[in-house]
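Take a look at the letters that make up each chain.
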Amino acid sequence: MTQHNVCIIGDGAIGSLFAAFASANDVMVYRGMREHKTGVKSVTLFDGKQTSRYAEDISPIGTPLTYDLVVFPLKVYQLEAALLQWQAVIGDSPILLLQNGMGGEEIARKVLPLQRIYQATTSHGALKTDHESVRHTGMGNTLAGRSLSTPADLATDDKIRTIVETAFPPVTWCEDIYLSLWQKLSVNLAINPLTAIHDIRNGQILAPRYTSVLDALSHEIAEVMQACGLNESAETILARIKTVAQATADNFSSMHQDIAHQRQTEIDAITGYLLSKAASERIAVPTNARLYQQINQLSV
Ligand SMILES: NC(=O)C1=CN([C@@H]2O[C@H](COP(=O)(O)OP(=O)(O)OC[C@H]3O[C@@H](n4cnc5c(N)ncnc54)[C@H](OP(=O)(O)O)[C@@H]3O)[C@@H](O)[C@H]2O)C=CC1
Ligand SMILES: CC(C)(CO)C(=O)C(=O)O
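About the cut-offs
Residues numbered from 1 in each chain as written. Chains lettered and ligands numbered in written order. Predicted model: local features only at pLDDT ≥ 70, side-chain atom pairs only at ≥ 80, totals over all residues. Heavy atoms only, no water. UniProt positions renumbered as here; feature names shortened; annotations may be inferred. Helix = DSSP H or I, 4+ residues; strand = E, 2+ residues; numbered from the N terminus. Expected span 1.5 Å × (residues − 1). Buried < 20%, exposed > 50% of the residue type's maximum accessible area, 1.4 Å probe, protein only. Arc of directions from axis to C-beta. Contact = heavy atoms within 4.5 Å. Near = heavy atom within 4 Å. Polar contact = N/O pair within 3.5 Å; in protein donor to acceptor, adjacent residues only side chain to side chain. Areas by Shrake-Rupley, 256 points an atom, 1.4 Å probe, with all protein chains shown as cover.

Looking at an unreviewed UniProt entry, one finds the protein chain named 2-dehydropantoate 2-reductase and attributed to Alteromonas confluentis. Taken from UniProt, the Pathway (unreviewed entry) comment for the protein chain reads in full: "Cofactor biosynthesis; (R)-pantothenate biosynthesis; (R)-pantoate from 3-methyl-2-oxobutanoate: step 2/2." Quoted verbatim from the Sequence similarities (unreviewed entry) field of UniProt, the annotation for the protein chain is "Belongs to the ketopantoate reductase family."

Below, the structure written as structure tokens:
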């Protein structure tokens, strides 16, 4: 059996988790590190096992190599700089964008017009406890698929699917990853800003005082999704938001944590993305616009 090699850019929480899973599943893992950075040395998995094996740390001025897959598990706002920095080293290797929020594909396509681009979003939880350690805080699932702007190629698509399924299980391979990303976005559009603004846990948005804002958000999101050619009703969106809020009731959302720790939020890739789609489709989204403004007021 051929051993696949995967390069993972950065040593963030999710990237380190991906690397730990991949090396435990016999995938050869290279790590794309910023120059002069030593990086994460140990990942504690959900079952308590510790792991961290990298074939090699590579740098953006290293020798170009073709990888079976290069994973970019970064924030959308870090993506353009990272792609520009790493493009010479990764050559024409297929890439996997792994983040919350939208807009990553458009950014990647501008920098790498001919690259094969795959996309993913995960519900695993991972936390960097210090600059050398990452902890797997919640078992999840990863949705992945070929991006809209990448033409189908059965053999390559199958190979990438096998690599992602082997490296980072469990994976749901999506024939329409654009729809799956939008469905995840619809959840983040409600839970993330509301929990950050009101300083509450995810489950608390189910209280009666948030009923009308959830309803308004769901209707606005549905209208924009429908204008983008996606057949989603406000009722389906609202039900999905409530299901995730219930399932993650005790968690603080990533945006809540970003605001609490005075870090840059992902609001531009979440609500900002919806606002830009709404503007081009001439759809009014006042509730989302208000949350966007409130998050920006809270941000550093
Ligand atoms: N953590 C979690 O539990 C979850 C996260 N996600 C999503 O996954 C994405 C990644 O999140 P997360 O892992 O938490 O974020 P992190 O901030 O932990 O990871 C990003 C990493 O990328 C590195 N990086 C950025 N630019 C470059 C570059 N040019 N070259 C090399 N490394 C670079 C950063 O390094 P540096 O610190 O040096 O800038 C950092 O280590 C986000 O969209 C998040 O919303 C989704 C589900 C759960
Ligand atoms: C699904 C949710 C809301 C879970 O906390 C999330 O993705 C996040 O916090 O960014």
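The structure having been displayed, the exposition proceeds.
## Quick word on helix 7 (residues 234–247)
For an α-helix, the turn length of 3.6 residues means that residues three or four places apart are oriented alike. For helix 7, built from 14 residues, the straight-helix expectation of 20 Å at 1.5 Å per residue is met to within 8% by its first-to-last C-alpha distance of 20 Å. By the burial criterion, the buried members of helix 7 are A234, I237, L238, R240, I241 and A245. Along the axis of helix 7, the buried positions cluster into a sector of 160°, meaning they face one direction only. Seen from the open side of helix 7, the exposed residues pointing more than 90 degrees away from its buried face are E235, T243, Q246 and A247. In this structure, the buried side of helix 7 is in contact with helix 5 (177–198) and helix 6 (211–227).

## Some words on the site of ligand 2
Lining the immediate environment of ligand 2, one finds N100, K184, N188, I191, N192, N202, V244, S253 and S254. In the model, an oxygen atom of ligand 2 is placed 3.1 Å from a nitrogen or oxygen of the N100 side chain. For ligand 2, an oxygen atom lies 3.0 Å from a polar atom in the side chain of N188. Against a free-state accessible area of 280 Å², the protein chains account for coverage of 84% of ligand 2.

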